[in-house]
Amino acid sequence: LPAGKRIRLDLTAADVIHAWWVPQFGPMLYVNPGERTVIFITEPAAGDYIGQCNAYCGVRHTYMLNNVKVLPADEFDAWYKGELAAMGSVAAK
C-alpha cells in the first residue's frame, strides 16, 4: 500500500466467515462469503503490519495471517509501474 493516502479495501470470503483484523488499521471486520466488506485505511505510515483472522474459521485458521507492507508513495509508485509492466509482458506472450 502507498503511505500517506486514503486506501479502500474491498474484502469478500470464498468459503466461511472470516474476521479480518490488522490492529493498527482499526477495528476487526467480519468478511462473509458472497458479500463485500469495505474498509478505509487513512494515511498508514510506512512499515510492515501483521494481522490475523480473528474468528475461528476452520482447521486452517492458524494460517490466516495478513502481511501488509506500506511503502513511501514514490517507492510504491515504482513498484506498481513494475508490476504493470510485468503483467503486460505476460499478457503479450
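Just so we're clear, the structure is a prediction, and the values are computed from it rather than from any experiment.

Thresholds, definitions, all that
- Residues numbered from 1 in each chain as written.
- Predicted model: local features only at pLDDT ≥ 70, side-chain atom pairs only at ≥ 80, totals over all residues.
- Heavy atoms only, no water.
- Helix = DSSP H or I, 4+ residues; strand = E, 2+ residues; numbered from the N terminus.
- Contact = heavy atoms within 4.5 Å.
- Areas by Shrake-Rupley, 256 points an atom, 1.4 Å probe, with all protein chains shown as cover.
- Lys, Arg positive; Asp, Glu negative; His and termini not counted.
- Charge placed at Lys NZ, Arg CZ, Asp CG, Glu CD.
- Patch = residues over 30% accessible without salt bridge, like charges linked within 9 Å, V, L, I, M, F, W, Y side chains within 5 Å.
- Salt bridge = Lys/Arg side-chain N within 4 Å of Asp/Glu carboxyl O.
- Buried < 20%, exposed > 50% of the residue type's maximum accessible area, 1.4 Å probe, protein only.
- Polar contact = N/O pair within 3.5 Å; in protein donor to acceptor, adjacent residues only side chain to side chain.
- Phe/Tyr/Trp six-rings, centres within 6.5 Å; stacked < 30°, edge-to-face > 60°.

Trainee: An account of the overall build of the chain is requested, with residue identities and associated values reported.
Mentor: Along its length, the chain carries 1 helix and 6 strands. Starting at the N terminus, the α and β elements of the chain follow one another as β-β-β-β-β-β-α. In terms of principal-axis extent, the alpha carbons of the chain reach across some 40 × 35 × 25 Å. Within the chain, contacts between residues at least 6 apart in sequence are counted, and of these 54% link residues at least 24 apart. A total of about 6,400 Å² of accessible surface is found on the chain, and carbon and sulfur atoms cover 58% of it. Between the centroid of the 8 positive side chains of the chain and the centroid of its 9 negative side chains there is a distance of 4 Å.

Trainee: Describe a nonpolar patch on the surface, and please don't skip the residues or the numbers.
Mentor: Together, Trp79, Tyr80, Leu84 and Met87 give the surface a local cluster of nonpolar side chains, amounting to about 440 Å² of exposed area. Structurally, the position occupied by Tyr80 is in helix 1 (residues 73–91). For Tyr80, a relative accessible area of 43% translates into the label partly exposed.

Trainee: Describe the pattern of salt bridges, naming the residues involved and giving the relevant values.
Mentor: Taken as a whole and judged by the stated rule, the model has 3 salt bridges. A salt bridge links Arg8 to Asp10, with the nearest nitrogen and oxygen atoms 2.7 Å apart. Ionic pairing is found between Arg36 and Asp10, a salt bridge with its closest N-O pair at 3.3 Å. One end of the pair, Arg36, is in the loop between strand 3 (29–31) and strand 4 (37–42); the other, Asp10, is in strand 1 (residues 6–11), with 26 residues separating them in the sequence. On the basis of relative accessibility, which here comes to 60%, the residue Arg36 falls in the exposed class. Bridged by salt links that share partners, the residues Arg8, Asp10 and Arg36 form one connected network.

Trainee: Tell me about the side chain of Asn66, residues and numbers included.
Mentor: Mapped onto the elements of the fold, Asn66 is located in strand 6 (residues 65–70). Here Asn66 falls in the buried class, since its relative accessible area comes to 17%. Of note is the side chain of Asn66, whose polar atom sits 3.3 Å from the side chain of Trp20. With residues up to four places along the chain from it excluded, the contact list for Asn66 reads Trp20, Trp21, Val22, Tyr49, Ile50, Gly51, Gln52 and Cys53.

Trainee: So what's going on with the packing of aromatic side chains? Residues and values would help.
Mentor: For the structure on display, the rule yields 3 aromatic pairs. Residues Phe25 and Tyr49 carry aromatic rings whose centres are separated by 4.9 Å and whose planes lie at 45 degrees to one another, so their mutual orientation is tilted. Here Phe25, found in the loop between strand 2 (18–20) and strand 3, pairs with Tyr49, found in strand 5 (residues 47–52); they are 24 residues apart in sequence, far enough to count as distant. Taken together, the ring pairs connect Phe76, Trp79 and Tyr80 into an aromatic cluster.

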